Amino acid sequence: MRLCRFNDNRLGVVKDDQVFDVTEALDVLPAVSYPLPRTDLLIANLDKVRARVEEVLPGASSCPVSEVKLLSPVANPGKLVAAPVNYRKHLEEARADAEIHHNNQIAEIQRIGLFLKATSSLVGAGEGVALRHTDRRNDHEIELAVVIGKAGTRISRENAWDHIAGYCIGLDMTVRGPEERSLRKSIDTYSVLGPWLVTADEIPDATQLDFWLTVNGEDRQRANTRDLVLDIPELIEFASAFYTLHEGDVIYTGTPEGVGPVKAGDVIVANIEGIGEMRVDVRSA
Ligand code: MN
């Protein structure tokens, strides 16, 4: 199932180029009170929501996907985990290019581990990216994003697939500079998630997905998830060795070679096999 959030927090199912409004299915979500749970409520109740979606779908109105404003398919993730330099060729290009490394030591992911992006940086494809610090280089990074569906801690790589709710396209937008990654990659709108959540049952093998990104129609990044240094189960094992992964947490799995600058007015198009395509407009903040 392809679930999206759109316009004023509507819930949609995407089929072909149409989005069906199934917001009514959210009535199965439990009422919550303060303090709010650490989970994303929709993802934590995904099975119930999906069952309800099937009931309301036959009566749902639809419109072309191109006519809606796509929001982040996960509204309230507890954390955005991200993998630095997790493709070998990106490690090589980062070490070779002073405009990328800024004299930061670019070490291998096995040594430096993972980092976190602020959840306040999260947007959907339809919200676009608003650049700050435009005197510096601002780069696109396309990444397969994994959404955790079952909470766990100290998850073994063998059990990791059972903890995945689904997949999205992630953009880990980055302002280059000497500061810590978590600061430079947590600017408002610098974590794009979309265009929708594809549930894990629709992608039986996420270990060899082609993906690519263009800017204004120009090829920038093109790779396959088979070239990940730490693969998806290893990332889940690594992350959950340090902290509990909750329903709705997102793991940005890392970007391949070809990262490059964007400026206001640019249009990013990102595509991952089995998920689909999203258009993201870039503007000044
Ligand atoms: Mn990245």
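Scroll up to find the structure.
Procedures and definitions
Residues numbered from 1 in each chain as written. Predicted model: local features only at pLDDT ≥ 70, side-chain atom pairs only at ≥ 80, totals over all residues. Heavy atoms only, no water. 1 Å grid on protein atoms, 1.4 Å probe; cavity = no way out; pocket = protein on both sides within 12 Å on 5 of 7 lines; lining within 4 Å. Points joined across faces, edges and corners; volume = space filled by probe spheres on them. Helix = DSSP H or I, 4+ residues; strand = E, 2+ residues; numbered from the N terminus. Nonpolar A, V, L, I, M, F, W, Y, C, P; charged D, E, K, R; others polar. Pairing = 2+ DSSP bridges. Axes fitted to C-alpha atoms, helices over the stretch in contact; angles between N-to-C directions. Phe/Tyr/Trp six-rings, centres within 6.5 Å; stacked < 30°, edge-to-face > 60°. Lys NZ or Arg CZ within 6 Å of the ring centre and 35° of its normal. Core = buried A, V, L, I, M, F, W, Y, C linked by side-chain atoms within 4.5 Å. Buried < 20%, exposed > 50% of the residue type's maximum accessible area, 1.4 Å probe, protein only. Domains from an automatic or database assignment. Contact = heavy atoms within 4.5 Å.

Novice: Would you mind showing me how to read the layout of surface pockets here?
Specialist: The computed volume of the largest pocket comes to approximately 430 Å³. Taken together, 29 residues make up the lining of the largest pocket; nearest its centre are Pro84, Ile106, Ile112, Arg181 and Arg184. Of all the secondary structure elements, the ones that give two or more residues to the lining of the largest pocket are α3 (88-96), α4 (98-101), α5 (109-112) and α6 (181-184). Top element by residues in the lining of the largest pocket is α6. It accounts for three residues. Its residues placed into classes, the lining of the largest pocket shows eleven nonpolar, eight polar and ten charged.

Novice: Could you clarify how one ought to interpret the sheet that holds strand β15 (residues 210-215) in this entry?
Specialist: Strand-to-strand pairing in sheets goes through backbone hydrogen bonds, with the strands running parallel or antiparallel. Pairing in this open sheet of five strands is mixed, and the strands run β9-β20-β19-β15-β16 from one edge to the other. The outermost strands of the open sheet, each flanked by one partner alone, are β9 (129-131) and β16 (218-224). Each strand of the sheet is rotated relative to its neighbour by a mean of 20 degrees, with strand direction disregarded. The pairing of strand β19 (residues 267-272) with strand β20 (residues 276-284) spans six bridges and is classified as antiparallel.

Novice: Any chance you could explain the packing of aromatic side chains here in plain terms?
Specialist: Two descriptors summarise a pair of aromatic rings, namely the distance from one centre to the other and the angle between the planes of the rings. For the structure on display, the rule yields two aromatic pairs. Centroid distance Phe238 to Phe242: 5.9 Å. Interplanar angle 25 degrees. Geometry classified as stacked. The ring of Tyr252 carries the charged tip of Lys117 above its face, separated from the ring centre by 5.9 Å.

Novice: Help me out: how do you make sense of the nonpolar core in this one?
Specialist: One broad trend across soluble globular proteins is that nonpolar side chains are buried collectively. Judged by nonpolar contacts, the single largest core of 51 residues is most densely connected at Tyr167, Leu171, Ile232, Ile236, Ile268 and Ile275. For this core, the domains that each give at least three residues are domain 1 (2-69) and domain 2 (80-284). Leaving out residues up to four positions away in the same chain, Tyr167 has contacts with Leu144, Ala145, Val146, Trp161, Trp196, Leu197, Val198, Ala200, Ile203, Ala206, Ile232 and Ile275. Counting 27 residues, the second-largest nonpolar core is a separate cluster that includes Ala25, Leu42, Leu122 and Val147.

Novice: Explain the environment of Val81 to me, please; I cannot follow it from the model alone.
Specialist: Along the chain, Val81 turns up in strand β6 (residues 80-82). For the pair formed by Val81 and Asn224, sequence separation is 143 residues and the distance between their alpha carbons is 20 Å. Val81 has contacts with Leu114, Phe115, Leu116, Ala239, Tyr243, Leu245, Val250, Ile251 and Tyr252, leaving out every residue within four places of it along the chain.

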